[in-house]
Amino acid sequence: MYKSVKLGLLPVLVLVLAGCGITLDETETQAHGTFEKGYAVAEIGELEALPDIEVIDGVTYVDDILVVNKEIPLPADYNPGLQPEVIEAYQQMFRDGAEQGLDFVLVSDFRTYDYQDQLYNNYVARDGQEAADQYSARPGHSEHQTGLTVDVGSADSASNLTVEFGDTPEYEWLKDVAHEYGFIVRYPEGKEHITGYMYEPWHLRYVGDEAEAIYESGLSLEEYLDID
Ligand SMILES: [Zn+2]
């Protein structure tokens, strides 16, 4: 029974490996005895956990999720605008929030490479590069260039784009429901050493259906995708 389960897994594993650009030498696997074969399957099981990384026209997808971070950039000419599914998602979230007496505002959404270039360089001129890198992305590294990211705030705008937004009733509500609309809090508290960014309760990244699993995991996107 155990053996047949393992064999049943093999075609799936081979497919996954092919996706990673690794090929399995079947002849060699078959040449081993039962014990050795079991060992080989365990190793393949570990390989299966490797992220599936694809770069299409300079845009990086990990397990089909578009990823931009301090290491992974977007091309300068990647210019999709705010995506319709994101507009629909945040508007629905704002409407549902309003029914709870909450008052959300959209603070920032899509940014072009050139706009991010201006922003970043202004911050560097004002605060120095080391400080600017804690809160601003370098051009080509902003999630806002994906068209999948929004910065949200409260109509009581004093807290907007500050960690104090994390103490507003708006955030208290959204932190546990944003995933139902396809969003994750992309730069969570306590994950600064992984994301490279300070805690940004206002910065929401749209990932669609996967948001629930990421939320339940309590991990940053990098950890969840095993690219941390
Ligand atoms: Zn943002």
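Residues numbered from 1 in each chain as written. Predicted model: local features only at pLDDT ≥ 70, side-chain atom pairs only at ≥ 80, totals over all residues. Heavy atoms only, no water.

(A) Structural detail: the coordination of the zinc ion. For the zinc ion, the full set of protein donor atoms is H144 (NE2), D151 (OD), D151 (OD) and H203 (ND1), at a range of 2.1 to 2.7 Å. For the zinc ion, the four donor atoms in the first shell make angles of 52 to 157 degrees at the metal, so the coordination geometry reads as irregular. Sequence spacing of the donor residues for the zinc ion, all on one chain, is H-x6-D-x51-H. In terms of burial, H144 and D151 fall into one category: buried. (Donors = N, O, S within 2.8 Å, 3.2 Å for Na, K, Ca; no water. Tetrahedral: all angles 85-135°; square planar, octahedral: opposite > 155°, others 65-115°. Buried < 20%, exposed > 50% of the residue type's maximum accessible area, 1.4 Å probe, protein only.)

(B) Inspection of the pattern of salt bridges at higher detail. All chains considered together, the criterion is met by nine salt bridges. Put simply, R111 and D151 hold a salt bridge, and the shortest N to O gap is 3.4 Å. With R111 in the loop between β4 (104-108) and α5 (113-127) and D151 in strand β5 (residues 149-154), the pair connects residues that are 40 residues apart, well separated along the chain. Per residue, the accessibility class of R111 equals that of D151, and both read buried. Among the ionic pairs, K175 bridges to D176, the shortest N-O distance being 3.0 Å. For D176, a relative accessible area of 35% corresponds to the partly exposed category. Residues joined in a network through salt bridges with shared partners are E143, R186, R205 and E222. (Salt bridge = Lys/Arg side-chain N within 4 Å of Asp/Glu carboxyl O. Helix = DSSP H or I, 4+ residues; strand = E, 2+ residues; numbered from the N terminus.)

(C) Layout of the environment of E212. Relative to the assigned elements, E212 resides in helix α9 (residues 211-217). Given the relative accessible area of 45%, E212 is considered partly exposed. Each C-alpha atom, one on E212 and one on G182, is 7.4 Å from the other, the two residues being 30 residues apart in sequence.

(D) α5, seen in detail. Taking 1.5 Å per residue as the helical rise, α5 with its 15 residues ought to reach 21 Å, and the 21 Å between its terminal C-alpha atoms agrees with that figure. Buried-residue contacts for α5 involve α6 (129-135). Where α5 ends, the next residue or the one after it, G128, has phi of about 90 degrees, a positive value. (Expected span 1.5 Å × (residues − 1). Contact = heavy atoms within 4.5 Å.)

(E) Highlighting the sheet that holds strand β3 (residues 65-66). Judged by pairing direction, the sheet is antiparallel, and its three strands sit side by side in the order β1-β2-β3 without closing on themselves. Since the sheet does not close on itself, it has two edges, and those belong to β1 (53-56) and β3, each with one partner. Of the pairings in the sheet, the one linking strand β2 (residues 59-62) to β3 comprises two bridges and is antiparallel in character. Across the sheet, Y61 pairs through a bridge with L66, a residue of β3. (Pairing = 2+ DSSP bridges.)

(F) The arrangement of the packing of aromatic side chains in detail. Following the criterion strictly, the structure yields eight aromatic pairs and no others. Geometrically, the ring pair formed by F104 and W173 is tilted, given 5.9 Å between the ring centres and 50 degrees between the ring planes. Placement of F104 in strand β4 and of W173 in helix α7 (residues 169-174) is noted, with a sequence separation of 69 residues between them. In this structure F104 comes out as buried when scored by relative accessible area, which is 8%. (Phe/Tyr/Trp six-rings, centres within 6.5 Å; stacked < 30°, edge-to-face > 60°.)

(G) Up close: the sheet that holds strand β6 (residues 183-187). Ordered by their spatial adjacency, four strands build an open sheet running β4-β5-β7-β6, and the pairing between neighbours is antiparallel. At either end of the open sheet lies a strand with only one pairing partner, and these are β4 and β6. Each strand axis lies, on average, 45 degrees off the axis of its neighbour in the sheet, ignoring direction. Of the strand pairs in this sheet, β6 and strand β7 (residues 200-206) are connected by four bridges, and their pairing is antiparallel. Note on β7: the bridge partner recorded for Y187 is E200. Contacting β4, β5, β6 and β7, helix α4 (residues 84-99) crosses the sheet at an angle of about 145 degrees to β4. (Axes fitted to C-alpha atoms, helices over the stretch in contact; angles between N-to-C directions.)

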